[in-house]
Amino acid sequence: MKNKELVKELSNRLKWTSTDVSDTISSLGAFISERLGDDDIVYLEGFGQFETRKKGERISVNPANGKRYLVPPKLVPVFKPGVTVKAKLKELGNNE
């Protein structure tokens with residue numbers, strides 16, 4: 001689902017204007033990004049948890065030329081689905 005489709009669906013469900021929904025989604029994204037930047041965890045009840053994890057440094061090999069190089073450590077965003085999301089996906093998987 002693309003952003004345009006998401007905005008349309010939510011505006012229909014919530015009876016909001018597309019602009020209001022788009023602004024809300026943008027604000028939520030900015031808020032989550034800001035909190036993750038502060039090394040916080042953002043938990044949305046039933047949906048899941050956003051957090052950051054430190055990925056350690058590692059050695060990688062360029063397959064084109066075989067050269068090895070060091071990849072520095074970095075923070076990566078991680079999403080853990082909540083109970084509701086897991087249950088829905090399990091239900092969908094069992095129906096196939």
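About the cut-offs
In this numbering scheme, every chain counts its residues from 1 along its sequence in written order. Local features are withheld for residues below a pLDDT of 70 in this predicted model, meaning they are given only at 70 or higher, and side-chain atom pairs are given and counted only at 80 or more; totals for whole chains, interfaces and linings count all residues. Calculation of side-chain values draws on the structure's entire complement of heavy atoms; hydrogens and water are dropped beforehand. When DSSP finds two or more bridges between two strands, those strands count as paired. Only DSSP runs of H or I reaching four residues or more are called helices, and only runs of E reaching two or more are called strands; each is numbered from the N terminus. Between N-to-C directions, angles cover 0 to 180 degrees, with each direction set by a line fitted to C-alpha atoms, over the stretch in contact for helices. By definition here, a helix of n residues has an expected span of 1.5 Å times n minus one. In what follows, residue pairs with any heavy atoms lying within 4.5 Å of each other are defined as contacts. Any Phe, Tyr or Trp ring, taking Trp's six-membered ring, that has another such ring centre within 6.5 Å forms a pair; planes under 30 degrees apart are called stacked, those over 60 apart edge-to-face, and the others tilted. Exposure classes here rest on a 1.4 Å probe applied to the protein chains alone. A residue is buried below 20% of its type maximum, exposed above 50%, and partly exposed in between. We define a salt bridge as a contact between a side-chain nitrogen of Lys or Arg and a carboxyl oxygen of Asp or Glu at a distance within 4 Å.

Any details on the sheet that holds strand S5 (residues 74–81)? Residues and values, ideally.
What links the strands of a sheet is backbone hydrogen bonding, and the strands pair in either a parallel or an antiparallel sense. Spatially, S1-S2-S5 is the arrangement adopted by the three strands of the open sheet, whose pairing is antiparallel. Two strands close off the open sheet at either side, each with one partner strand: strand S1 (42–44) and S5. The average undirected angle you get between the axes of adjacent strands in this sheet is 25 degrees. Here three bridges tie S1 to strand S2 (residues 48–55), and the two strands are oriented antiparallel to one another. Looking at S2, one finds that valine 42 is bridged to phenylalanine 50.

So what's going on with helix H2 (residues 18–37)? Which residues, and what values?
The first and last C-alpha atoms of H2 sit 28 Å apart over 20 residues, in line with the 28 Å expected at 1.5 Å per residue. Looking at the buried positions of H2, the neighbouring elements they touch are helix H1 (3–14), S1, S2 and S5. Two residues or fewer past H2, aspartate 39 is found with a positive phi of approximately 60 degrees.

With reference to specific residues and values, describe the packing of aromatic side chains.
Inspection of every chain in the model, using the stated rule, returns three aromatic pairs. Ring geometry for phenylalanine 47 versus phenylalanine 50: centroids 6.4 Å apart, planes at 35 degrees, classification tilted. Of the residues examined, phenylalanine 47 reaches a relative accessible area of 41% and is grouped as partly exposed. Look at phenylalanine 47 and phenylalanine 79: their rings are 5.2 Å apart centre to centre, the planes differ by 45 degrees, and that puts the pair in the tilted class. With phenylalanine 47 in the loop between S1 and S2 and phenylalanine 79 in strand S5, this pair connects stretches of sequence that are 32 residues apart. Its relative accessible area of 34% is what places phenylalanine 79 among the partly exposed residues. Here the aromatic residues Phe47, Phe50 and Phe79 are joined through ring pairs into a cluster of three or more.

With reference to specific residues and values, describe the pattern of salt bridges.
Overall, the coordinates contain six salt bridges when judged by the stated rule. In this structure, aspartate 38 and arginine 35 form a salt bridge, with 3.5 Å as the shortest nitrogen-oxygen distance. In this structure arginine 35 comes out as partly exposed when scored by relative accessible area, which is 24%. As a salt-bridge pair, aspartate 40 and arginine 35 come within 2.3 Å of each other at their nearest N and O atoms. It is possible to trace a salt-bridge network through shared partners that takes in Arg35, Asp38 and Asp40.

Function-wise, these values are silent; they only describe arrangement.
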